[in-house]
Amino acid sequence: MAYIRYFKSIFSGLLISCLIFLLAVLFQIGAPTESSRWTDEIYTIKSNIANSIETPKLVIVAGSNALFGISCSQINKETFVSCLNGATYAGLGIDYILTRAHSWLKPGDLVLLPLEYEHYTDDGKPTAALIDYLLARDPKYLLSLNLINQFRFISGIPLKRVQERCSAVLGRQRGLGGSPMSDCIKTGNRS
């Protein structure tokens, strides 16, 4: 009997810990971070450019190798083909990069994929950069994933990120009273 009570206590503690972690993660969804701002701004600019081009265009989809290494103005000058350099940051992973680029494409567009080496070896495991960006700026993509990939994503969230976001909320809420965790939960961690 003592063993059953012991295992129930262990199981209950693990379950409560997981629930607290999930709540802390849920409160972070949609809360912008400074580290995700650059990526968000670059996607906004590229989406605006893609929507403004009416004719068939060349869309370059890659990481920073093409972002800093391919000039659409030079391509347009030499070929008279409209061009969008849709390259961003390789650390977001090939699946996300391709999904975002798909929204820029229209019938008749041509895609150039000068992928980086890490894209060929990508195992689908979410990187810290992707986790940060999706939680802060694109939770719709996270919700579009299947349950297994959502679990992989959530289990890959570093505890440090959760702590930093709660600390940011606590820094602003400190003068309001209450316990630190209740402040984090009450505010929804929207800093």
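Located above this text is the structure these notes cover.
Residues numbered from 1 in each chain as written. Predicted model: local features only at pLDDT ≥ 70, side-chain atom pairs only at ≥ 80, totals over all residues. Heavy atoms only, no water.

J.: Describe the sheet that holds strand β3 (residues 110-112), listing the residues and the values that go with them.
T.: Adjacent strands of a sheet pair through backbone hydrogen bonds, lying either parallel or antiparallel. Taken together, three strands build an open sheet; the order of strands is β2-β1-β3 and the sheet is parallel. Each of the sheet's edge strands pairs with one partner strand only, and the pair in question is β2 (82-85) and β3. Averaged over neighbouring strand pairs, the angle between their axes works out to 20° when direction is ignored. Two strands pair when backbone bridges link them, and strand β1 (residues 57-60) and β2 are joined in this way by four bridges, in the parallel orientation. Its bridge partner being in β2, Val59 is matched across the sheet by Leu84. (Pairing = 2+ DSSP bridges. Helix = DSSP H or I, 4+ residues; strand = E, 2+ residues; numbered from the N terminus. Axes fitted to C-alpha atoms, helices over the stretch in contact; angles between N-to-C directions.)

J.: Any chance you could break down the pattern of salt bridges for me, citing the residues and the numbers?
T.: All chains considered together, the criterion is met by six salt bridges. The closest approach of N and O atoms between Lys57 and Asp109, which form a salt bridge, is 2.7 Å. Of this pair, Lys57 sits in strand β1 while Asp109 is found in the loop between α5 (94-102) and β3, placing the two residues 52 residues apart along the sequence. Judged by relative accessible area, Asp109 falls into the buried class, the value being 16%. Via salt bridges that share partners, Glu34, Arg37 and Glu41 belong to a single interconnected network. (Salt bridge = Lys/Arg side-chain N within 4 Å of Asp/Glu carboxyl O. Buried < 20%, exposed > 50% of the residue type's maximum accessible area, 1.4 Å probe, protein only.)

J.: Got a sec to walk through unusual backbone geometry? Specific residues and values, please.
T.: Although it is not a glycine, Phe80 adopts a positive phi angle of roughly 60°. Locating Phe80 in the fold gives a position in the loop between α4 (72-79) and β2. Residue Phe80 is classed as exposed on the basis of its relative accessible area, which comes to 72%.

J.: Can you break down the layout of surface pockets residue by residue, with the values?
T.: In this structure, the largest pocket spans a volume of roughly 310 Å³. Lining the largest pocket are 21 residues, and of these Asp95, Gly124, Lys125, Pro126 and Leu130 sit closest to its centre. Secondary structure elements with two or more residues in the lining of the largest pocket: α5, α6 (117-120) and α9 (147-155). Considering only residue class, the lining of the largest pocket consists of nine nonpolar, six polar and six charged. (1 Å grid on protein atoms, 1.4 Å probe; cavity = no way out; pocket = protein on both sides within 12 Å on 5 of 7 lines; lining within 4 Å. Points joined across faces, edges and corners; volume = space filled by probe spheres on them. Nonpolar A, V, L, I, M, F, W, Y, C, P; charged D, E, K, R; others polar.)

J.: Explain α5 to me, using residue names and the numbers behind them.
T.: Every buried residue belonging to α5 is among Ile94, Tyr96, Ile97, Arg100 and Ala101, and all of these are buried. Projected down its long axis, α5 shows its buried positions confined to an angular sector of 165°, all on one face. In the core, the buried residues of α5 are packed alongside α2 (37-52), α6, α7 (128-137) and α8 (139-144). (Arc of directions from axis to C-beta. Contact = heavy atoms within 4.5 Å.)

J.: Would you mind going over α7 in detail, with residue names and values included?
T.: With seven of ten residues buried, α7 lies mostly within the body of the structure. The set of residues buried in α7 consists of Leu130, Ile131, Asp132, Tyr133, Leu134, Leu135 and Ala136.

J.: With reference to specific residues and values, describe the packing of aromatic side chains.
T.: On inspection of all chains with the given rule, the structure shows six aromatic pairs. Grouping aromatic residues by their ring pairs yields a cluster made of Tyr43, Tyr96, Trp104, Tyr133 and Tyr141. Sitting over the face of the ring of Tyr43, Arg100 holds its NZ or CZ atom 4.0 Å from the ring centroid. (Phe/Tyr/Trp six-rings, centres within 6.5 Å; stacked < 30°, edge-to-face > 60°. Lys NZ or Arg CZ within 6 Å of the ring centre and 35° of its normal.)

J.: Could you give an account of the side chain of His119, naming the residues involved and the relevant values?
T.: In this structure, His119 sits in helix α6. Of note is the side chain of His119, whose polar atom sits 3.5 Å from the backbone oxygen of Ala90. Apart from the residues within four sequence positions on either side, His119 is in contact with Gly63, Ala90, Gly93, Ile94 and Ile97. (Polar contact = N/O pair within 3.5 Å; in protein donor to acceptor, adjacent residues only side chain to side chain.)

J.: Requested: an account of a nonpolar patch on the surface, with residues and values cited.
T.: Where nonpolar side chains cluster on the molecular surface, the patch consists of Tyr3, Tyr6, Phe7, Ile10 and Leu14 and spans about 620 Å² of accessible area. Take Tyr3: it is sitting in helix α1 (residues 2-28). (Patch = residues over 30% accessible without salt bridge, like charges linked within 9 Å, V, L, I, M, F, W, Y side chains within 5 Å. Areas by Shrake-Rupley, 256 points an atom, 1.4 Å probe, with all protein chains shown as cover.)

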